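Secondary and tertiary structure notes
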Amino acid sequence: MKYTQLGRTGLKVSRLVLGTMNFGPQTDEADSHAIMDAALDAGINFFDTANVYGWGENKGRTESIIGNWFARGEGRRDKVVLATKVYGNMGADGPAWPNHDKLSAVNIRRAVDASLKRLQTDYIDVYQFHHVDRATPFDEIWQAIDVLIQQGKILYVGSSNFPGYKIAQANEIAARRGGTIGLVSEQCLYNLAERRAEMEVVPAAQEYGLGVIPWSPLHGGLLGGVIKKEVQGGRRASGRAADALADAGTRAQIQSYEDLLDKHGIEPGEAALAWLLTRPGVTGPIVGPRTAEQLASAVRASELELSEDLLTALDEIFPGPGPSPEAFAW
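So, here's what we can say about the structure. (Residues numbered from 1 in each chain as written. Predicted model: local features only at pLDDT ≥ 70, side-chain atom pairs only at ≥ 80, totals over all residues. Heavy atoms only, no water.)

Attention shifts here to the overall build of the protein chain. From N to C terminus, the protein chain includes 13 helices and 10 strands. Each of the three principal axes of the protein chain carries a C-alpha extent, and together these read 55 × 55 × 40 Å. Within the protein chain, the proportion of its 330 residues that are buried is 52%. Contacts in the protein chain between residues far apart in sequence, at least 24 positions, make up 76% of those at least 6 positions apart. For the protein chain, the distance from the average position of its 33 positive side-chain charges to the average position of its 41 negative side-chain charges is 4 Å. (Helix = DSSP H or I, 4+ residues; strand = E, 2+ residues; numbered from the N terminus. Buried < 20%, exposed > 50% of the residue type's maximum accessible area, 1.4 Å probe, protein only. Contact = heavy atoms within 4.5 Å. Lys, Arg positive; Asp, Glu negative; His and termini not counted. Charge placed at Lys NZ, Arg CZ, Asp CG, Glu CD.)

The following block contains the structure:
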């Protein structure tokens, strides 16, 4: 496994990030523990979760599964760079009770303590804002974060689903306050089929020294050989992938993608992950395996070298927006 610095920090993280969103809803606790053990064995040290994972009545379940795994000892917690998130309503589905969601100082304080308890740890390495909070000023957010850092409850702060201008705003205010390192990572939707992040988010992250952590690197399975699996009688596309394939143009695009990789003898899902690892500013994509084999496939992808000819061909099938601001200006 290769490692890199997380943005402008001294923190070393693996080029693959273990996503845990399936732990609980789709993968039971025993299998989740086995996947985390296998991830460590493969050299993956960066684990990502969120307080709302588990969903519905089981919000927080994923963090609890990870906490129970840490409690098994043998250096598990010390080997992991742990990232979790704050923003969502942790109560029952429906409107949140006032001050029980988003990024007010009171909710950040409440949420971090609850996450620490579920995770059975004293600190969180990277505490991430799961979404923009348009109602809370960054001065308040950073004041709350400064207290948590001083208390030793968190070490670094990242964002998720932030537009470029909010990344700039957050870090400019952090710099103005002084003593606050600001955002060090941005977790965003980014993959071969969805490259809009290249217009503003990735340039802002690079300018301010944030590591980019792409989520949904296979775009809901669309880039994982979905047509081939259908033809071979395997699992049919569902969700985002099924919706996309209903469009004839998109289906033809994905067919071209799978045909290209078939000629090169490369699995589509592994190529999609390997492509992200070639992108400027990317720390590592989040992989959310449901099985040990899916994890093994992701590890193979991290070792895959894509030729320049293949990268050019992929750009022809999935053209990005181009450099910013030329992509939307003269």
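Turning next to the sheet that holds strand S9 (residues 211-215). If you walk across this open sheet you meet the 8 strands as S9-S8-S7-S6-S5-S4-S3-S10, and the pairing is parallel. Strand pairing shows two members of the sheet lacking a second neighbour, S9 and strand S10 (286-287), which therefore form its edges. Of the strand pairs in this sheet, strand S8 (residues 183-189) and S9 are connected by 5 bridges, and their pairing is parallel. From the neighbouring strand, Cys-188 faces S9, where its bridge partner is Pro-214. (Pairing = 2+ DSSP bridges.)

Buried residues of helix H13 (residues 308-317): Leu-310, Leu-311, Ala-313, Leu-314 and Ile-317, and no others. Down the axis of H13, the buried side of the element spans an arc of 160°, and every buried residue falls inside it. Residues of H13 that are exposed and angled more than 90 degrees away from the buried face: Glu-308, Asp-309 and Glu-316. (Arc of directions from axis to C-beta.)

Taken together, the buried positions of helix H7 (residues 201-208) are occupied by Val-201, Val-202, Ala-204 and Ala-205. Looking down the long axis of H7, one finds its buried residues gathered within 160° of arc, a one-sided arrangement. At the C-terminal side of H7, Gly-209 shows a positive phi close to 75°.

Okay, the pairing of strand S5 (residues 81-86) next. With 6 of its 6 residues buried, S5 lies for the most part within the structure. Alternating positions in S5 separate into two faces, Val-81, Ala-83 and Lys-85 on one and Leu-82, Thr-84 and Val-86 on the other, with burial throughout. Bridge analysis of strand S4 (residues 46-48) against S5 gives 3 bridges, and the strand direction is parallel. If you follow Phe-46 over to S5, its bridge partner there is Val-81. Relative to strand S6 (residues 124-129), S5 is paired through 4 bridges, and the arrangement is parallel. Along S6, the bridge assignment pairs Ala-83 with Val-126. Handedness of the crossover joining S5 and S6 through helix H4 (residues 105-119): right-handed. (Right-handed = clockwise from strand over helix to strand, strands pointing away.)

Before going further, it helps to spend a moment on the pairing of strand S7 (residues 154-160). Among the 7 residues in S7, 6 count as buried, and that is most of the element. Examined bridge by bridge, S6 and S7 share 5 bridges and lie parallel to one another. Residue pairing across strands places Val-126 opposite Tyr-156, the latter belonging to S7. Handedness of the β-α-β unit built from S6, helix H5 (residues 138-150) and S7 comes out right-handed.

Here we take up the nonpolar core. With 82 residues, the main nonpolar core has Phe-129, Trp-142, Ile-145 and Tyr-257 as its most contacted residues. Ile-145 has contacts with Ile-108, Tyr-127, Phe-129, Ile-154 and Val-157, leaving out every residue within four places of it along the chain. Within the second largest apolar cluster, 12 residues are counted, among which are Leu-11, Phe-46, Val-126 and Val-184. (Core = buried A, V, L, I, M, F, W, Y, C linked by side-chain atoms within 4.5 Å.)

With that settled, the discussion passes to the environment of Glu-63. Tracing the chain through its elements places Glu-63 in helix H2 (residues 61-70). Glu-63 sits 21 residues away from Thr-84 along the chain, and the two C-alpha atoms are 8.4 Å apart. Once you skip the residues sitting within four places of it in the chain, Glu-63 turns out to touch Thr-49, Ala-50, Asn-51, Thr-84, Ser-115, Arg-118 and Leu-119. A distance of 2.8 Å separates polar atoms of two side chains, one belonging to Glu-63 and the other to Arg-118. (Polar contact = N/O pair within 3.5 Å; in protein donor to acceptor, adjacent residues only side chain to side chain.)

Next up on the list: the pattern of salt bridges. Scanning the entire structure with this criterion turns up 19 salt bridges. Of the charged contacts, one joins Glu-63 and Arg-118 as a salt bridge, the two residues approaching to 2.8 Å between their closest N and O atoms. Here Glu-63 is found in helix H2, whereas its partner Arg-118 is found in helix H4, with 55 residues between them in sequence. Accessibility expressed as a relative area gives 0% for Glu-63, which makes it buried. Each member of the salt-bridge network shares a partner with another, and the members are Asp-37, Arg-72, Glu-74 and Arg-76. (Salt bridge = Lys/Arg side-chain N within 4 Å of Asp/Glu carboxyl O.)

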